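These are the residues of each chain, in order.
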Amino acid sequence: MGRGFHARLACVEEAAVEVTDLVKRYGDLDAVRGISFTVAAGETFGFLGPNGAGKSTTISMLCTLLRPTSGTARVAGFDVVAERSEVRRHIGLVFQDTTLDDYLTAEENLRFHAELYGVPRAQTAERLGEVLRMVGLWERRSALVRTFSGGMKRRLEIARGLLHSPRVLFLDEPTVGLDPQTRSHIWNYIDDLRKRETITMFLTTHYMDEAEHCDRIAIIDEGRIVIMDTPAKLKASVGRDRVRLETPDTDAAIAALRAVFDLEATLSEGAVTVYVPGGESFVPRLFADLGVPISAISIARPTLDDVFMTYTGRTIRDAEASSNERMASQPWIRAARRR
């Protein structure tokens, strides 16, 4: 894995997050369906899944913003239902949507947060300088937040989440809505944070490239954890190359792959995808024996996209589309999640 993760864990016994059979139900809908997992202290743990999969609902329960329907969860050693105040004192949280006060300066936002969390005044100035420098905003500390770009606001929120030295930092879709270049910059700051602070990070994302930054990933779909492991082991578990072909007759191609090659193929985003060992040697056979015109073809080593498709039977984009349809048909669910 690198980053000295396993060495760090060897010195730590208590888990940062412990979840057992956690359920969140809205009427007849189970948004989270009996999930269980443990996050080690010092680990960067990622929830990877489409929008509507249950990621934000889970994080809201762990941060005491939602009460579980059933099951148990402990964060930083405290029960999220029975010891809500203790949990809140020991965590930092960066929301999907900004919660900064646009009419205050960056420094004023952080000082207000320090007051709320009881950071001793003698330590506030030093800590404020540390976190603002960490995210590259020290020179803008006196600027009004309303003058900040989206990426600067997100960096300030990360600084705010760290100000009171939490044991666990929750990042709920930390780069959603940002352009690719800004997303990359945010992750540079987060990776640097891992080296500077002794902290457990729990993040949710639907971006495959972001999940690569995690020590371990839990893939969640339709409220259930499908599989959980390190990024490298998840990709190795697929063990095959992805061959993606474009053809004017997708139905015939899928039927031929089954009949001629005894392979099950899927159709996604207008292309037929099949997984085979040794993709490069398979392609010449495909052209020779498929019996269906091929207009374009590509071969790729397994990625986290392939892991998601292997274990769920669909791409993350297809999963998001079906989730969005479900949410559109039941708009009351969104309102309930905000309570």
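The rules behind these values
- Residues numbered from 1 in each chain as written.
- Predicted model: local features only at pLDDT ≥ 70, side-chain atom pairs only at ≥ 80, totals over all residues.
- Heavy atoms only, no water.
- Helix = DSSP H or I, 4+ residues; strand = E, 2+ residues; numbered from the N terminus.
- Buried < 20%, exposed > 50% of the residue type's maximum accessible area, 1.4 Å probe, protein only.
- Areas by Shrake-Rupley, 256 points an atom, 1.4 Å probe, with all protein chains shown as cover.
- Phe/Tyr/Trp six-rings, centres within 6.5 Å; stacked < 30°, edge-to-face > 60°.
- Lys NZ or Arg CZ within 6 Å of the ring centre and 35° of its normal.
- Pairing = 2+ DSSP bridges.
- Contact = heavy atoms within 4.5 Å.
- Axes fitted to C-alpha atoms, helices over the stretch in contact; angles between N-to-C directions.

Chemist: Sorry if this is basic, but what is going on with the overall build of the chain here?
Modeler: Helix and strand content of the chain: 14 helices and 14 strands. For the chain, with 339 residues in total, the buried portion stands at 50%. When the accessible surface of the chain is totalled, it reaches about 15,900 Å², and 48% of it is carbon and sulfur.

Chemist: Would you mind going over the packing of aromatic side chains with me for this structure?
Modeler: Enumeration according to the criterion identifies eight aromatic pairs in this entry. A ring pair is formed by F45 and F202, whose centres lie 5.3 Å apart and whose planes are at 45°; its orientation type is tilted. In this pair, F45 is assigned in strand β3 (residues 44-48) and F202 in strand β8 (residues 200-205), connecting sequence segments 157 residues apart. The buried category is assigned to F202, whose relative accessible area is 0%. In this structure an aromatic cluster arises from ring pairing among F37, F45, F47, F170 and F202. Across from the ring centre of Y26, 5.5 Å away, lies the NZ or CZ of K24, which sits over that ring. The ring of W138 has R133 sitting right over it, with the charged end atom 4.1 Å from the ring centre.

Chemist: Hey, could you run me through the sheet that holds strand β5 (residues 78-79) in this one?
Modeler: Two strands in a sheet stick together by hydrogen bonds in their backbones, pointing the same way (parallel) or opposite ways (antiparallel). Read from one edge to the other, the open sheet built from four strands follows the order β2-β1-β4-β5, with strand pairing classed as antiparallel. Two strands in the sheet have a free side with no partner beyond their single neighbour: β2 (29-40) and β5. In terms of strand pairing, strand β1 (residues 15-26) meets strand β4 (residues 70-75) through five bridges, oriented antiparallel. Residue pairing across strands places E18 opposite R74, the latter belonging to β4. Against the sheet, helix α2 (residues 55-62) makes contact with β1, β2 and β4, and its axis sits at roughly 120° relative to β1, the strand it touches most.

Chemist: When you look at the sheet that holds strand β6 (residues 91-94) in this model, what are you seeing that I'm missing?
Modeler: As summarised here, the arrangement of the six strands in space is β6-β7-β8-β3-β9-β10, forming an open sheet in which the pairing is mixed. The open sheet terminates on both sides in strands that have one partner only, identified here as β6 and β10 (224-229). Geometrically, the sheet is characterised by an average inter-axis angle of 15° between neighbouring strands, direction not taken into account. Pairing geometry for β3 and β8, over five bridges, is parallel. Paired with F47 across the strands is T204, a residue of β8. Against the sheet, helix α12 (residues 304-312) engages β3, β9 (216-221) and β10, with an angle of about 45° to β9.

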